[in-house]
Amino acid sequence: MDARGGIGGSLAGVDLLGEINRLRKERNAVILAHYYQKPQIQDLADFVGDSLELSRKAAETDAEVIAFCGVRFMAETAKILSPDKTVILPDMDAGCSLEDSCPPSQFKAFREAHPDHIALSYINCSTEVKALSDIIVTSSSAEIILSKIPPEQKVIFGPDKHLGGYLNRKLGRDMLLWPGVCIVHESFSETELLKLRAQHPGAPVAAHPECPPHIVDHADYVGSTSGILAFAKALPGDTLIVATEPHIIHQMELAVPEKNFIGAPGADGNCACNICPYMAMNTMEKLYIALRDLSPRIEMDETLRLAAKKSLDRMLEMASGTVGRGDLGARD
Ligand code: 13P
Ligand code: SF4
């Protein structure tokens, strides 16, 4: 459809990495990537991190363009924090099941039904839900932020019921939970995990708190992606079972190539259901096109942005001092 080889056109013969490198300079662009991106995208990014680290990078960069290789709510967060920058996302359909589980109108009604509660929301939600929330958290900032909220204060937590439930159990809280789940972390099989453990006696399990309790309960370490990566780097043994999206294993293999990292299996033992289909929508081709055309780009109503910024700013203030991996730490 596009003489220059846009969507539907052929990119055969285009040196994608060379063109991305040329365009990132020409556009004064910074390329940010989440740990769940494909290895070739992680390798070319200026910065790879977890949700908190990526939000901080987006807020402090001097670049004119932020090319966000992650999902839409992450690119929207970058725009909320850096409104004067052009924020591009290689595929605007890269959503998130947690965001989808929490339509703003229903969340608003839920809040209105509990006027004595404050709303603590996981960053994996829409800009509208952020605007309806009091404080945003990521998996690496949730525990420190919740511990700063007086125990008598009633709290609504959404949209991830597993992260909220984990925090309730760990900190002895009674937050009201929105019933959302991450389709990726929900897919790990307890039976298959136990089989894998039996095959690798002594190998610890590191799990993301988006996993359900029947997975987290078998974990030796529970934390955000950056926390799991730090745990892998400090691993005393030679094997780690990783219960989160397996593309993070790329960073582990780069950091400690002599160790063995095994992704926890999904329901039938060898399905690809633990790969995030939204994160996987970003490709080298789409990143090249996005840098070339400065599109798809995030646009946002200013009133909505300012409302959402309040709850994100509160997170950045309350989490200050935490390095991206501050985290949920070892399991009780
Ligand atoms: P973190 O990288 O903050 O742990 O988030 C994981 C995730 O699922 C992002 O969508
Ligand atoms: Fe959303 Fe889960 Fe994918 Fe993260 S891994 S973007 S929480 S669907």
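A brief structural summary. Bear in mind the structure is a predicted one, so any value in this text is a computation, not a measurement.

**Examining the nonpolar core**
Working step 1: Formed by 49 residues in total, the largest nonpolar core has its most connected members in I66, F68, L120, I145, I149, F157 and M315.
Working step 2: Residues within four places of F68 in sequence aside, it is in contact with L32, L54, M74, A75, A78, I88, L89 and P90.
Working step 3: Counting 36 residues, the second largest nonpolar core, distinct from the first, contains L23, C69, A206 and V242.

**Remarks on the environment of Q40**
Working step 1: Take Q40: it is sitting in helix 2 (residues 39–44).
Working step 2: Between the C-alpha atom of Q40 and that of T127, which follows or precedes it by 87 residues, the distance is 29 Å.

**Overview of the site of ligand 2**
Working step 1: Close to ligand 2 lie Y36, V71, C96, S97, L98, N124, C182, V184, E210, C276 and Y278.
Working step 2: Judged by its atoms lying within 2 Å of the grid points, ligand 2 is housed in the largest cavity.
Working step 3: The residue inventory of the shell around ligand 2, partitioned by class, reads eight nonpolar, two polar and one charged.

**What to know about the site of ligand 1**
Working step 1: Of all residues adjacent to ligand 1, which total 13 residues, the nearest are H34, S51, S139, H208 and T225.
Working step 2: The separation between an oxygen atom of ligand 1 and a polar side-chain atom of T225 is 2.5 Å.
Working step 3: Notes on ligand 1: free accessible area 300 Å², of which the protein chains cover 96%.
Working step 4: Counting atoms within 2 Å of the grid points, the majority share of ligand 1 lands in the largest cavity.

**Some remarks on helix 14 (residues 284–293)**
Working step 1: Where burial is concerned, most of helix 14 is hidden: seven out of the ten residues are buried.
Working step 2: Within the sequence span of helix 14, burial applies to M284, L287, Y288, I289, A290, L291 and R292.
Working step 3: Just past helix 14, the residue L294 takes up positive phi, approximately 50°.

**Looking at the sheet that holds strand 4 (residues 86–88)**
Working step 1: Pairing is parallel in the open sheet, where four strands are placed in the order 2-1-3-4. Pairing within the sheet leaves two strands with one partner each, and these edge strands are strand 2 (47–49) and strand 4. Within the sheet, the average angular offset between the axes of one strand and its neighbour, ignoring direction, is 20°.
Working step 2: Judged from the five bridges that link them, strand 1 (residues 29–34) and strand 3 (residues 65–69) form a sheet pairing that is parallel. Within strand 3, the residue paired with A29 across the bridge is V65.

About the cut-offs
- Residues numbered from 1 in each chain as written.
- Chains lettered and ligands numbered in written order.
- Predicted model: local features only at pLDDT ≥ 70, side-chain atom pairs only at ≥ 80, totals over all residues.
- Heavy atoms only, no water.
- Core = buried A, V, L, I, M, F, W, Y, C linked by side-chain atoms within 4.5 Å.
- Buried < 20%, exposed > 50% of the residue type's maximum accessible area, 1.4 Å probe, protein only.
- Contact = heavy atoms within 4.5 Å.
- Helix = DSSP H or I, 4+ residues; strand = E, 2+ residues; numbered from the N terminus.
- Near = heavy atom within 4 Å.
- 1 Å grid on protein atoms, 1.4 Å probe; cavity = no way out; pocket = protein on both sides within 12 Å on 5 of 7 lines; lining within 4 Å.
- Sits in = over half its atoms within 2 Å of the grid points.
- Nonpolar A, V, L, I, M, F, W, Y, C, P; charged D, E, K, R; others polar.
- Polar contact = N/O pair within 3.5 Å; in protein donor to acceptor, adjacent residues only side chain to side chain.
- Areas by Shrake-Rupley, 256 points an atom, 1.4 Å probe, with all protein chains shown as cover.
- Pairing = 2+ DSSP bridges.
- Axes fitted to C-alpha atoms, helices over the stretch in contact; angles between N-to-C directions.

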